[in-house]
Amino acid sequence: MMLTAYFDRYATDYSAYKQGDWCYEDGCIYRGLTLLDIADPDGPWSDHLVRLVNAQIAPDGSLAGYTTDEFNIDNILSGRALMALHARTGDEKYRLAAERLALQLERHPRIPAGNYWHKLRYPHQVWLDGLYMGLPFQIEYGQAFDRPALIEDAIAQINSALDLLANPANGLYSHGYDDAREQQWADKTTGRSRDLWSRALGWLAMALVDIRELIGPQKSLEAGLEAKIADFAARMQNHQCEDGRWNQVTDMPDLKGNYAESSATAMLAYFYLAGARLGIAGIDAAVGRKALDGLLEHAMHKDASGRLVLDHIVHVAGLGGFEGQYRDGTAGYYVSEKIAADDSKGVGPLMMAVAETRRSEGEQGAIAKSA
C-alpha cells in the first residue's frame, strides 16, 4: 500500500536529525516504528528501528552526543525505543542506556511545584512539549524496574502541569509556563505564554493518551486524568477544520497567514484513534480518521522527483531566544516560522496514527483509502 511503501522508504533513507546525536526528533521516528511494529510485526519496522538506534548507542550504553548535564528534557523521548528494545531482546546495552536517561531525571532541575524544567537553558519553565518528552518514559522505566515512586511522580507532574498551563480564556493549555515570571513571553500574573500553538497541544495529546495506556483506566480515574482527557478531546474537536486538520494557531481560523499544520494534525489523529481504542469516554475514533484522511488528501503529494512527501509541517517553534531570534509566543510569531516537508516531527506521528488504524481496523480505514 502507498503508506507502507512511503514509511519503508522514509526509514531506509532516514539520516539522524542532528549529525547522529541523540535527540527527540529521531525519537519521533523511533516511536512511530515501534508502534508500526506492534501493529504489523511481519513488516520491516523492527529492522529499521534496531539499525537506527544501534547507530547511536555503544555497548556500554553511552549515547552519541548525549550529556546528562545539559538537562534537556527533549533527550528523554528516544529512551522509549530503548525500553521497547530491551523488553524484546534483553540486550543490556539498552538497559544501560535507559539508566543514563533515568539518572538525568533524578537530577533534573524542577520548579517548586515539582515539574521538570524544560531545559537548563530554559530555566524555571514548563512547556507542553516536555510532558511528552519525559513522562511516558519515566512511567515505562518505573514499571519495568519496579520503581513505583517514578510512576506516581510522573502522574503528579502531568496533573501539576495541566493546572499551571490551563488557560481559562479558551479552556485549553498554553504552550509554556515561566515560574520565575522573567520571560518576555510570560504573563507577569499567570506565568503563561499568550496564544495557542497546535503542535504544543499535539505533544500534550500524545502524552495524555500514552500515560493513560501505561497506567490503565482505574489509576487514571483515581488521578483525575480521565475527565481531563475527555474534556481536552471535546475542546480540540471544536477547533478541527472542515477538512479534518488543525491550524497552526489553534483557535484563530481567520488569522492572516494561519494554515492547516500537518504535525499537529497527525498527533491529534493518533490521540483520537488511540483514545478510542482504549475506551476513553467521549473520544471518537471518527475524529481521528477524519484528521488522517485530511492529511492524506491535502498534505501528501509527490515532489519534483516523483517521491511521496508529507508537507505543511512547521519546522520548529518555541519560546524565548533561539538562533538570534526572540520567540514571543504570539499568534503572529507562530505563523512566521518556516514550513518543511517530511520533517520527523510530522512523519513520526503519522506513523503512530496509521499504526492505530491497523491495530483497530486491520487493513481498513484511512490507510486502505490511500491504496
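Nothing here was measured: the structure is a model prediction, and the numbers come from that model. (Residues numbered from 1 in each chain as written. Predicted model: local features only at pLDDT ≥ 70, side-chain atom pairs only at ≥ 80, totals over all residues. Heavy atoms only, no water.)

Visitor: Even after reading the chapter, I still don't get the environment of Asn 159, so can you show me in this structure?
Guide: Summarising the element assignment, Asn 159 is placed in helix α7 (residues 148–165). A relative accessible area of 13% means that Asn 159 is categorised as buried. Here the alpha-carbon distance between Asn 159 and Asp 284, two residues 125 residues apart in the chain, equals 23 Å. Every residue in contact with Asn 159, bar those within four places of it in the chain, is listed here: Ala 223, Leu 225 and Lys 228. Here the side chain of Asn 159 touches Lys 228 through a polar contact of 2.8 Å, side chain to side chain. (Helix = DSSP H or I, 4+ residues; strand = E, 2+ residues; numbered from the N terminus. Buried < 20%, exposed > 50% of the residue type's maximum accessible area, 1.4 Å probe, protein only. Contact = heavy atoms within 4.5 Å. Polar contact = N/O pair within 3.5 Å; in protein donor to acceptor, adjacent residues only side chain to side chain.)

Visitor: So what exactly am I meant to see when it comes to the nonpolar core here?
Guide: Proteins that are soluble and globular tend to have nonpolar side chains buried together. By size, the foremost hydrophobic cluster in this structure holds 119 residues, and its most contacted members are Tyr 6, Phe 7, Leu 204, Phe 232 and Leu 350. Looking at which element gives the most residues to this core, the answer is helix α8 (residues 198–222), with eleven residues. Contact partners of Leu 350, with chain neighbours within four places excluded, come to Tyr 6, Phe 7, Ala 266, Leu 292, Leu 295, Met 300 and Leu 310. (Core = buried A, V, L, I, M, F, W, Y, C linked by side-chain atoms within 4.5 Å.)

Visitor: How should I be thinking about the pattern of salt bridges in this particular structure?
Guide: Here the idea is simple: oppositely charged side chains can pair when their charged atoms come close. Evaluation of the coordinates by the stated rule reveals 23 salt bridges. Of the charged contacts in the structure, one is a salt bridge between Arg 107 and Asp 69, with a shortest N-O distance of 3.1 Å. Highlighted residues: Arg 107 in helix α5 (residues 92–107) and Asp 69 in the loop between α3 (45–54) and α4 (79–89), separated in sequence by 38 residues. A salt bridge links Asp 343 to Lys 345; the shortest N-O distance between them is 2.9 Å. (Salt bridge = Lys/Arg side-chain N within 4 Å of Asp/Glu carboxyl O.)

Visitor: What exactly am I supposed to notice about the confidence of the model for the chain here?
Guide: Caution is warranted with low-pLDDT regions, since their predicted coordinates should not be read in detail. Averaged over every residue, the pLDDT of the chain is 95; residues scoring 70 or more account for 97%. Confidence, read as mean pLDDT per element, is least for helix α14 (residues 365–369) in the chain (41) and greatest for strand β5 (residues 246–247) (99). (pLDDT = per-residue confidence, 0-100.)

Visitor: Would you mind showing me how to read unusual backbone geometry here?
Guide: A positive phi angle is found at Gln 19, which is not glycine, with a value near 50 degrees. Inspection of the secondary structure assignment puts Gln 19 in the loop between α1 (2–13) and α2 (24–39). The exposed category is assigned to Gln 19, whose relative accessible area is 77%.

Visitor: Looking at this structure, how should I read helix α6 (residues 128–144)?
Guide: Working note: α-helix, 3.6 residues per turn, so residues spaced by three or four point in the same direction. Compared with an ideal rise of 1.5 Å per residue, which puts 17 residues at 24 Å, α6 spans 25 Å between its outermost C-alpha atoms and is within 8% of the ideal. Most of α6 sits inside the fold, with 15 of its 17 residues counted as buried. (Expected span 1.5 Å × (residues − 1).)

Visitor: For this particular structure, what's the right way to read the environment of Ala 166?
Guide: Tracing the sequence through the fold places Ala 166 in strand β2 (residues 166–167). Judged by its relative accessible area of 27%, Ala 166 falls in the partly exposed class. Sequence spacing of Ala 166 and Gln 237 is 71 residues, and the spatial spacing of their C-alpha atoms is 17 Å.

Visitor: Before we go on, may I ask you to explain the packing of aromatic side chains in this structure?
Guide: Describing an aromatic ring pair means giving the distance of the ring centres and the angle of the ring planes. Going through the model one piece at a time under the given rule, you end up with 15 aromatic pairs. Look at Trp 22 and Tyr 30: their rings are 6.4 Å apart centre to centre, the planes differ by 45 degrees, and that puts the pair in the tilted class. The residues Trp 22 and Tyr 30 share a single accessibility class, namely buried. Between Trp 246 and Tyr 272, the aromatic rings sit 6.0 Å apart at their centres with planes inclined by 5 degrees, giving stacked as the arrangement. Placement of the pair is Trp 246 in strand β5 and Tyr 272 in helix α10 (residues 262–277), with a sequence separation of 26 residues. Tyr 272 sits in the buried class, given a relative accessible area of 0%. Here the aromatic cluster, defined as three or more aromatic residues joined through ring pairs, consists of Tyr 173, Phe 232, Trp 246, Phe 271 and Tyr 272. (Phe/Tyr/Trp six-rings, centres within 6.5 Å; stacked < 30°, edge-to-face > 60°.)

Visitor: Please explain α3 as it appears in this structure.
Guide: Buried within α3 are the following residues: Trp 45, Ser 46, His 48, Leu 49, Leu 52 and Val 53. In an axial view of α3, the angular spread of the buried residues amounts to 160 degrees, which keeps them on one side of the axis. (Arc of directions from axis to C-beta.)

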